[in-house]
Amino acid sequence: MFRRTPRLFAATLAVAALALGACAEKADDKPSTGTAAAAYPVTVGPLTLDKRPEKIISLSPTATEMLFAIGAGAQVTAVDDQSNFPADAPKTDLSGFQPNAEAIAGKNPDLVVLSDDRNKVVEQLGKLKIPVYRTPAATTLDDSYKQITELGTLTGHADQATDVANRMKDDIAKLVKGLPQRAEKLTYFHELGPELYSATSKTFIGSLYSQLGLANIADPADADGKNAGYPQLSQEFIVNANPDFVFLADAKCCQQNLDSVKARSGWAGITAVKNSQVVALDDDIASRWGPRVVDLLRVIIDAVAKVPA
């Protein structure tokens with residue numbers, strides 16, 4: 001059984017998301033005519049590329065999704081062992097959690113995209129003259145939009161990246177606009193694993209729930225910020241909080257569902273369980289901050305909309 005700690009969740013969040021309707025369901029990896037005319041050199045932050053990269057390595061599942069969504073998939077020659085979307089991404093045994101500079105360099109990349117600077121890999125790749133662009137775990141949707149558009153600039157797909165980001169914004173605005181107004185906020189518990197780690201409103205996933213007008217029962221458990229937004233709750237705490245919803249981001253990895261939650265000590269009396277408002281999320285989408293975040297929000301909104309205002 002694969003269990004995610006809060007640090008692991010933040011690193012993959014991923015292992016951040018998320019198709020924007022049809023956008024990411026069928027990632028377009030063919031450059032447009034406008035893309036072909038992209039002018040180089042281009043600069044994003046401290047990174048300057050003299051020419052369009054044609055051998056990109058992605059060591060982040062979220063970055064992989066972003067690259068394919070903006071039309072840069074044909075330039076991606078290798079991805080890490082956790083990148084499973086889209087299905088035709090060139091998956092390898094490279095690790096984003098334990099990156100090996102020598103193994104990465106052996107694939108002769110002209111751009112490496114990663115989330116975390118583990119094993120001081122950025123410095124090592126720098127010594128080998130291999131350009132690196134970092135996509136750290138987002139804390140807001142604006143972080144996601146920025147990473148998408150910056151990847152577009154670096155890969156020669158600026159217009160397509162802008163379209164993806166704008167489509168996300170439009171789709172999310174439409175979803176949120178359709179929510180009913182409530183006199184009192186519905187409460188929820190977002191479960192990262194059976195160990196009862198959760199995410200507060202200060203995290204990326206928590207900020208999404210906040211946009212939907214939901215109240216997070218985990219917030220008081222990390223009021224001092226010592227858990228970086230990912231506290232481990234006790235069964236007693238959750239039962240006493242009596243959330244209206246339980247959202248399971250461990251449905252695939254740990255086979256959690258309404259029945260398994262109901263079988264936990266004291267949980268059968270929780271409002272979420274009594275009303276069958278235990279919602280299984282796609283673990284991968286719920287831990288990434290790429291284009292498929294729209295799909296995640298749609299699942300949450302569909303569940304919430306069933307509760308009378």
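Now for a quick tour of the structure. (Residues numbered from 1 in each chain as written. Predicted model: local features only at pLDDT ≥ 70, side-chain atom pairs only at ≥ 80, totals over all residues. Heavy atoms only, no water.)

What about the nonpolar core?
If you look at the biggest cluster of nonpolar residues, it comprises 58 residues, and the most contacted ones within it are Leu214, Phe245, Phe247 and Ile300. With 8 residues, helix H14 (residues 293-305) is the largest single contributor of residues to this core. The residues contacting phenylalanine 245, other than those within four sequence positions of it, are Leu186, Thr187, Tyr188, Phe189, Ala272, Gln277, Val279, Ala303, Val304 and Val307. Of all hydrophobic cores here, the second largest spans 14 residues; its members include Phe189, Trp267, Ala272 and Val278. (Core = buried A, V, L, I, M, F, W, Y, C linked by side-chain atoms within 4.5 Å. Buried < 20%, exposed > 50% of the residue type's maximum accessible area, 1.4 Å probe, protein only. Helix = DSSP H or I, 4+ residues; strand = E, 2+ residues; numbered from the N terminus. Contact = heavy atoms within 4.5 Å.)

Comments concerning the sheet that holds strand E5 (residues 111-114)
The strand order E4-E3-E5-E6 describes an open sheet built from 4 strands, whose pairing is parallel. The open sheet has two edge strands, strand E4 (76-79) and strand E6 (132-134), and neither has a second partner. Here the strands of the sheet are splayed against their neighbours by 20 degrees on average, with no regard to which way each runs. Bridge count for strand E3 (residues 56-58) against E4 is 3 bridges, and the pairing is parallel. Bridge pairing in E4 links serine 58 to valine 79. Of the strands in this sheet, E3, E4 and E5 are in contact with helix H4 (residues 61-69), which crosses E3 at around 140 degrees. Along the sheet, helix H7 (residues 141-155) makes contact with E3, E5 and E6, crossing E6 at roughly 165 degrees. (Pairing = 2+ DSSP bridges. Axes fitted to C-alpha atoms, helices over the stretch in contact; angles between N-to-C directions.)

Some thoughts on the pairing of strand E9 (residues 245-248)
Alternating residues of E9 divide into Phe245 and Phe247 and Val246 and Leu248, and every residue in both groups is buried. One ladder, built from 4 bridges, connects strand E7 (residues 187-191) with E9; its direction is parallel. Within the sheet, the bridge partner assigned to glutamate 191 lies in E9 and is leucine 248. As paired strands, E9 and strand E10 (residues 278-280) are joined by 3 bridges and run parallel to one another. Across the sheet, residue phenylalanine 247 finds its bridge partner in E10, namely valine 279.

Some points on unusual backbone geometry
A cis geometry characterises the amide bond from tyrosine 40 onward to proline 41, with omega recorded as 10 degrees. For the peptide bond that leads from phenylalanine 85 to proline 86, omega is -5 degrees, which places it in the cis range. Structurally, proline 86 is set in the loop between E4 and helix H5 (101-105). The phi dihedral of leucine 196 falls on the positive side, at around 70 degrees, and the residue is not glycine. With respect to the helices and strands, the residue leucine 196 is situated in the loop between E7 and helix H9 (204-211). At glutamine 255, a residue that is not glycine, the phi angle is positive and equals roughly 55 degrees. Along the polypeptide, glutamine 255 turns up in the loop between E9 and helix H11 (258-262).

Examining the pairing of E5
Here E5 shows a buried face lined by Leu111 and Val113 and a second buried face lined by Val112 and Leu114. Note: E3 against E5, 3 bridges, orientation parallel. From the neighbouring strand, isoleucine 56 faces E5, where its bridge partner is leucine 111. Read as a crossover between parallel neighbours, the route from E5 over helix H6 (residues 121-127) to E6 is right-handed. (Right-handed = clockwise from strand over helix to strand, strands pointing away.)

Points about the packing of H4 against H7
For the pair H4 and H7, the least separation of the axes is 10 Å and the interaxial angle reads 60 degrees. By the angle class used here, H4 and H7 are oblique. Here the hand of the crossing between H4 and H7 comes out right-handed. On H7, the residues that touch Ala63, Met66 and Leu67 of H4 are Ser144, Gln147, Ile148, Leu151 and Thr155. Broken down by class, the residue content of the contact of H4 with H7 amounts to 5 nonpolar, 3 polar and no charged. (Parallel < 35°, antiparallel > 145°, perpendicular 65-115°, else oblique. Left-handed = near helix turned anticlockwise from the far one by under 90°. Nonpolar A, V, L, I, M, F, W, Y, C, P; charged D, E, K, R; others polar.)

Brief notes about the sheet that holds strand E8 (residues 215-216)
Strand order across the open sheet formed by 4 strands is E8-E7-E9-E10, with parallel pairing between neighbours. Strands at the two margins of the open sheet, each flanked by one partner only, are E8 and E10. Pairing between E7 and E8: 2 bridges, direction parallel. Following the sheet pairing, threonine 187 is matched in E8 by alanine 215. Taken strand by strand, H14 contacts E9 and E10, and its axis lies near 155 degrees from that of E9.

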